[in-house]
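Now for the letters of each chain:
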Amino acid sequence: MARQLAFSRRQWLGGTLGLSASLASSRLSPAIARAAQAAASQGRHCILLWMAGGPSQLDTFDMKPKHVNGGSLEEAATSVPGVRFAKHLPRLAKQAERLAILRGMSTKEGDHGRGTTLMQTGHIPGGPVNYPASGCTISRALADDYPSPTRLEGLPHFVSVAPGPFAQGAVRSGFLGPKYAPMSVGGTMPNGPDESFARLRVDYLQQAAGVSAPRQQSRLKMWNALQDDFLATRRVPNAVAHNTVFQAAIDLAGSKARDAFDLEQESQQTREAFGSGVFGQGCLLARRLLERGVPLVEVTLGSGLGWDTHADNFNQVERLCGELDQGWATLMDQLQAVGLLESTTILWAGEFGRTPVINGNAGRDHYPQAFSCVLAGGGVAGGQVYGATSDDGSEVVDGKSNAQDLLTTLCTAIGVSPATENITEEGRPIAIAEGNVIKEVLSADRKT
């Protein structure tokens, strides 16, 4: 039987009442504050924290300090008695009551591209069906099931911040079509002493160099005329989908909703609280988007494949965990402060784990046989560990779960039926996920 460590929600509620003070530091306008409250009461949200490259479970959430495979990093106690994980995640350790750690994840895909596709879509690559990423299917279901009157006009259903190199092939809309593809936000680290924070940009929201506003309007007028003429005689699904995507981009570029992406509207104190890097600022952007009713945001940590630690694993993991700890912990604190944490389910995951055996370069290689994922927030029974690996970390000995099980459980925690069907171009109904629900990590009082 899987090991569980129960923790009362009241125990940590008592310690978070002071967080309401951070509402002031987040400088929410009254209108956005009202929208956040309405979004919390009317909608459901999901945040995917994607660890590009495959994070080491043995140096984060499933440490083996008494075994030679454990490595040099230290384990520490958390706010939940009996739950221990990496010492270099101190702020998350203080919020362990919000986390459900799944230590029994196991797949057969040890290649970055194939593993990313499997974990993002729930299906192995190849085959006749172009499966969409779960972010696309879940955000579509959330938008359909909980239409939010608070979502500012023009904002998309799904935003992906700093997607990794394999996202283009895996974080895709598949047979759903381009209408349900994520909006991609690029990120660059601070450049020089004049920049304090990473820059996040949506390319099409930037004014083209050398093009004046009147000239831009003239171009749009011409484009609309050409599009209308084309669609009048060729109103087929692909042409309509293409036009829908372009029109949505044009609408957002000209709307007040684009302000959601302007992090300079936040105070210095708030931006520093999340961390100056792409991941920290991405977590801040995720909070701003959820406040405005966006159902699903994915934030990637690991520029390129940062977690792919074949060499110098321990120094790299410690550095990455510093960003992870600050961004994720602040995100949960501030979502709690604005009343959105209970309606937001968070998933931390990567394409696979790392080998228990340390290689000759002080690194760990790819290892899909046994690794960890973490659920948190709304619908999740936090303060527990589900599943276990052997003493040397080489195999799952309890609570073995696969990608479909994880996605099915995530959907259930959010309140979206995993059996919700989407129809392929050939008319075939495909459920969002068809795995086994891990009931032990779902809260009894979750919304359904």
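Residues numbered from 1 in each chain as written. Predicted model: local features only at pLDDT ≥ 70, side-chain atom pairs only at ≥ 80, totals over all residues. Heavy atoms only, no water.

Engineer: What am I meant to see in unusual backbone geometry here?
Structural biologist: Comment: phi is negative for the bulk of residues other than glycine, and the bulk of peptide bonds are trans. Unlike most non-glycine residues, alanine 162 shows phi in positive territory, near 55°. Exposure remark for alanine 162: the relative accessible area of 17% places this residue in the buried category. In the Ramachandran plot, alanine 362 falls in the positive-phi region, its phi being about 55° despite a non-glycine side chain. Relative to the helices and strands, alanine 362 resides in the loop between β10 (353–354) and β11 (366–367). (Buried < 20%, exposed > 50% of the residue type's maximum accessible area, 1.4 Å probe, protein only. Helix = DSSP H or I, 4+ residues; strand = E, 2+ residues; numbered from the N terminus.)

Engineer: How should I be thinking about the pattern of salt bridges in this particular structure?
Structural biologist: Taken as a whole, this structure holds 16 salt bridges when the rule is applied. Put simply, aspartate 62 and arginine 103 hold a salt bridge, and the shortest N to O gap is 3.8 Å. Taken as a pair, aspartate 62 in the loop between β1 (45–51) and β2 (75–77) and arginine 103 in strand β4 (residues 99–105) lie far apart in primary sequence, 41 residues in all. A single burial state applies to aspartate 62 and to arginine 103, both of which are buried. Close ionic contact of arginine 114 with glutamate 109 constitutes a salt bridge, the shortest N to O distance being 2.9 Å. (Salt bridge = Lys/Arg side-chain N within 4 Å of Asp/Glu carboxyl O.)

Engineer: What is the right way to look at the pairing of strand β5 (residues 158–161) in this model?
Structural biologist: On any regular strand, side chains alternate: one points to one face of the sheet, the next to the other face. Going residue by residue along β5, you find Phe158 and Ser160 tucked away on one face and Val159 and Val161 tucked away on the opposite face as well. Bridge analysis of β5 against strand β8 (residues 296–301) gives four bridges, and the strand direction is parallel. Counterpart to phenylalanine 158 in the pairing with β8 is leucine 296. As defined by bridge partners, β5 adjoins strand β6 (residues 183–188) across three bridges and the pair is classed as parallel. Opposite serine 160, over in β6, you have serine 184 as the bridge partner. (Pairing = 2+ DSSP bridges.)

Engineer: Please clarify how the packing of helix α5 (residues 112–121) against helix α13 (residues 403–414) should be interpreted in this entry.
Structural biologist: Axes are the key here: two packed helices are described by the angle between their axes and the distance separating the axes. In the contact formed by α5 and α13, the axes pass within 8 Å of each other and the chain directions differ by 35°. Note on element contacts: α13 touches α5 through Ala403, Leu406 and Leu407, opposite Leu118, Met119 and Thr121. Among the residues making up the contact of α5 with α13, the classes are represented as five nonpolar, one polar and no charged. (Axes fitted to C-alpha atoms, helices over the stretch in contact; angles between N-to-C directions. Contact = heavy atoms within 4.5 Å. Nonpolar A, V, L, I, M, F, W, Y, C, P; charged D, E, K, R; others polar.)

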